[in-house]
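# Secondary and tertiary structure notes
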Amino acid sequence: MSANTMSYHWGKHHRSYVDNLNKQILGTELQGKSLEDVIVQTYNNGDLHPAFNNAAQVWNHDFFWDSMKPGGGGKPSGELLKLIERDFGSFEKFAEEFRAAAATQFGSGWAWLAFNPRPSDGKELVVLKTPNAVNPLVLGYTALLTIDVWEHAYYLDYQNRRPDYISIFMEKLVSWDAVSAKLEVAKAQAA
Amino acid sequence: MENYRGCFVGYAQASNLGRHYPCLLRCPSTMAAAATISPPCALLSYQGLRGALVSTRTFQSAKNQRQCGRAVAAPISAKFDLKPPPYPLDALEPHMSRDTISYHWGKHHRGYVENLNMQIVGTDLDGMSLEDIIILSYNKGDILPSFNNAAQIWNHDFFWESMVPNGGGKPSGDLLELIERDFGSFEKFSAKFRSAASTQFGSGWVWLAYKANRLNVGNAINPRPSDEDKKLVVVKSPNAVNPLVWDYLVSTIHRIAVCHCSLHIHRFI
């Protein structure tokens, strides 16, 4: 993921979601609330309030940067790997499902590994794909990992080759440490 | 205007170099060996306007529309072709580079064609016109797998046709009259169109369309008419959605008028 991509993606796109959200909430009752509260409130059960897109995109991008690290990739370990193997069968099956979700989210959106605190089928880990700015928060899950599949995330480096971008993300970028840390928090909150 | 039948294609936002390009009507033939052809926009004539095609008030029957295009034998396989833009890939420079068009048309648009062909082979969609596939697979909003590819083919065909080298400027004739009638002025329409294009969040399209007032029963009167019926409207749509599906009761005679600009990011990079 090139410096050029990062400076556009973070320096322009992500920055403008922040700038635009600040303008939108100024002087309103949303001002002073936490970002997560703004997101949930403006999601408004799907009947989006204007500030939702900006608020959620700020959060989503913060989360995206945290989902990666230099020298990332490889496989998870410990409790995270155990749960992945329990809920997907194997790490390989999880990876396949995650890549497929990322590749098939039509238009703009995100793919996620998320924690479901109240699973009806006993599977706490789920792969989700969401359109535009929607994220697991508003669906009642705890996000653990995300990949941005808006074209602005990969077009400069990969053009239309989204599957190549997804492969590189999995092989070289994903920070399993960050995912494990988020899982610990999620399990503690669910307990 | 009440008896008006027909549709328009809009015009590009390219700069005006003062040259008139006669825009020849091409009746898009989107299937390799189609028994019938349903072009997305039944343009009846052109008036040599820079970048704009305007229909006359002459009524063109559905039968004539279907004759437009290649005469073909019975289909062996009903594969869709990737239709090229009606100008060379570098013809829109410096406003839209050859590079962009070769990616946008050559990879993205082509991908939709190839993927749709794979999806429909051996199914009951195989052999249907593109528009019929779109409307059927839109499935009143509960979209079926082939919708995205089919609609994106149609949308992109239309997008290339919405532009012309040295386009831009202003429309005239019937088109300008209707724009002034329904938006107040060309400038007001333009502001509305630009604003819609800037505010479509995520991927999508912006359109100039003609909103008819129809029901699916002949001679019925629409019990819920709106102020926008029988008017030009600016509308925006997400992802692959297009105005065809919002008025999916469109007959083969009436066509929705569209001019649109694509807001998927690949169009800009």
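Remember, it's a predicted structure, so these values are computed and weren't measured experimentally.

### Here we look at the overall build of chain A
Along its length, chain A carries nine helices and three strands. In summary, chain A has a C-alpha radius of gyration of 16 Å against a globular reference of 16 Å for 191 residues, a match within 12%. Projecting the C-alpha coordinates of chain A onto the three principal axes gives extents of approximately 50 × 40 × 25 Å. Burial analysis of chain A (191 residues in total) assigns 50% to the buried set. Looking at chain A alone, contacts between residues at least 24 apart form 71% of all its contacts between residues at least 6 apart. Element-wise, carbon and sulfur atoms account for 51% of the exposed surface of chain A, whose accessible area totals about 8,900 Å². Side-chain charges in chain A split into 18 positive and 22 negative, and the spacing between the mean points of these groups amounts to 2 Å.

### A look at the overall build of chain B
Check the secondary structure of chain B and you find seven helices and three strands. When the helices and strands of chain B are read in sequence order from the N terminus, they spell out α-α-α-α-α-α-β-β-α-β. Residue burial in chain B is summarised as follows: out of 269 residues, 52% are buried. Taking all contacts inside chain B whose residues are at least 6 apart in sequence as the whole, residues at least 24 apart take part in 76%.

### Quick look at the pattern of salt bridges
All names here are of chain A. Per the stated rule, a full pass over the model turns up ten salt bridges over all chains. Residue Lys 75 pairs with Glu 92 through a salt bridge whose shortest N-O separation is 3.7 Å. Here Lys 75, found in the loop between α3 (51-66) and α4 (78-88), pairs with Glu 92, found in helix α5 (residues 91-104); they are 17 residues apart in sequence, far enough to count as distant. When its relative accessible area of 47% is taken as the criterion, Lys 75 is described as partly exposed. Taken together, the salt bridges that share partners define one network made up of Glu 79, Lys 82 and Lys 187.

### What about the UniProt feature "binding site: Mn(2+)" (unreviewed entry) in chain A?
All names here are of chain A. The UniProt feature table records "binding site: Mn(2+)" (unreviewed entry) at His 9, His 61, Asp 148 and His 152. Taking the farthest pair of C-alpha atoms as the criterion, the annotated set spanning 144 residues converges on one region, since that pair is 12.0 Å apart. The class of Asp 148 is buried, set by a relative accessible area of 0%. Apart from the residues lying within four places of it in its own chain, the contact partners of Asp 148 are His 9, His 61, Phe 64, Gly 109, Trp 110, Ala 153 and Tyr 165. Relative to the elements of secondary structure, His 152 occurs in helix α7 (residues 151-158). Reaching out from His 152, the side chain makes a polar contact with the side chain of His 61 at a distance of 3.5 Å.

### Some thoughts on the nonpolar core
Membership of the largest hydrophobic core comes to 61 residues, with the highest contact counts inside it found for Phe94(A), Phe98(A), Leu125(A), Leu145(A), Ile147(A), Tyr165(A) and Phe169(A). Of the residues forming this core, the biggest block, nine residues, is contributed by α3(A). The next biggest cluster of nonpolar side chains, apart from the first, holds 33 residues, and it includes Leu130(B), Tyr138(B), Phe147(B) and Val245(B).

### Structural notes on α5(A)
Residues that lie three or four places apart on an α-helix share one face, since the helix turns once every 3.6 residues. All names here are of chain A. Relative to the 20 Å expected for 14 residues at 1.5 Å per residue, α5 spans 20 Å between its end C-alpha atoms, a close match to the ideal helical length. Among all positions in α5, only Phe 91, Phe 94, Ala 95, Phe 98, Ala 101 and Ala 102 are buried. For α5, the buried positions fall inside an angular range of 130° around the axis, keeping them on one side. In α5, the exposed residues that point more than 90 degrees away from the buried face are Lys 93 and Glu 96. Residues of α5 that are buried make contact with α4, β1 (109-115), β2 (125-131), β3 (142-148), α8 (162-173) and α9 (176-190).

### Quick look at the UniProt feature "domain: Manganese/iron superoxide dismutase C-terminal" (unreviewed entry) in chain A
Here, UniProt's "domain: Manganese/iron superoxide dismutase C-terminal" (unreviewed entry) annotation points to residues 76-181 of chain A. When the span residues 76-181 of chain A is considered, its composition is 52% helix and 20% strand, and the gap between its end C-alpha atoms is 11 Å.

### What to know about the sheet that holds β2(A)
Residues and elements named next belong to chain A. With antiparallel pairing, the three strands of this open sheet are ordered in space as β2-β1-β3. Both edges of this open sheet fall to β2 and β3, since each of them pairs with a single strand only. Averaged over all pairs of adjacent strands, the angle between strand axes in this sheet comes to 25°, irrespective of strand direction. In this fold α4 packs onto β1 and β2, with an angle of close to 80° to the strand it touches most, β2. This element, α9, spans β1, β2 and β3 of the sheet and lies at about 150° to β3.

### Some words on the packing of helix α5 (residues 173-183) of chain B against helix α6 (residues 186-199) of chain B
Residue and element names in this part refer to chain B. Relative orientation of the contacting elements α5 and α6 amounts to 75°, with a least axis distance of 8 Å. By the angle class used here, α5 and α6 are roughly perpendicular. Of the residues in α6, those touching α5 at Leu 176, Ile 179, Glu 180 and Phe 183 are Phe 186, Lys 188, Phe 189 and Lys 192. Here the residues of the contact of α5 with α6 are counted per class, giving five nonpolar, no polar and three charged.

### Considerations on the packing of aromatic side chains
Residue and element names in this part refer to chain A. All told, the structure shown has 26 aromatic pairs over all chains when counted by the stated rule. A network of ring pairs unites the aromatic residues Trp 59, Phe 63, Phe 64, Trp 65, Phe 88, Phe 91, Phe 94, Phe 98, Trp 110, Trp 112, Phe 169 and Trp 176 as a single cluster. In this arrangement the basic side chain of Arg 15 is found over the ring face of Trp 10, its NZ or CZ atom lying 5.3 Å from the centre.

Definitions and limits used
Residues numbered from 1 in each chain as written. Chains lettered and ligands numbered in written order. Predicted model: local features only at pLDDT ≥ 70, side-chain atom pairs only at ≥ 80, totals over all residues. Heavy atoms only, no water. Helix = DSSP H or I, 4+ residues; strand = E, 2+ residues; numbered from the N terminus. Rg over C-alpha atoms; globule rule 2.2 N^0.38 Å. Buried < 20%, exposed > 50% of the residue type's maximum accessible area, 1.4 Å probe, protein only. Contact = heavy atoms within 4.5 Å. Areas by Shrake-Rupley, 256 points an atom, 1.4 Å probe, with all protein chains shown as cover. Lys, Arg positive; Asp, Glu negative; His and termini not counted. Charge placed at Lys NZ, Arg CZ, Asp CG, Glu CD. Salt bridge = Lys/Arg side-chain N within 4 Å of Asp/Glu carboxyl O. UniProt positions renumbered as here; feature names shortened; annotations may be inferred. Polar contact = N/O pair within 3.5 Å; in protein donor to acceptor, adjacent residues only side chain to side chain. Core = buried A, V, L, I, M, F, W, Y, C linked by side-chain atoms within 4.5 Å. Expected span 1.5 Å × (residues − 1). Arc of directions from axis to C-beta. Pairing = 2+ DSSP bridges. Axes fitted to C-alpha atoms, helices over the stretch in contact; angles between N-to-C directions. Parallel < 35°, antiparallel > 145°, perpendicular 65-115°, else oblique. Nonpolar A, V, L, I, M, F, W, Y, C, P; charged D, E, K, R; others polar. Phe/Tyr/Trp six-rings, centres within 6.5 Å; stacked < 30°, edge-to-face > 60°. Lys NZ or Arg CZ within 6 Å of the ring centre and 35° of its normal.

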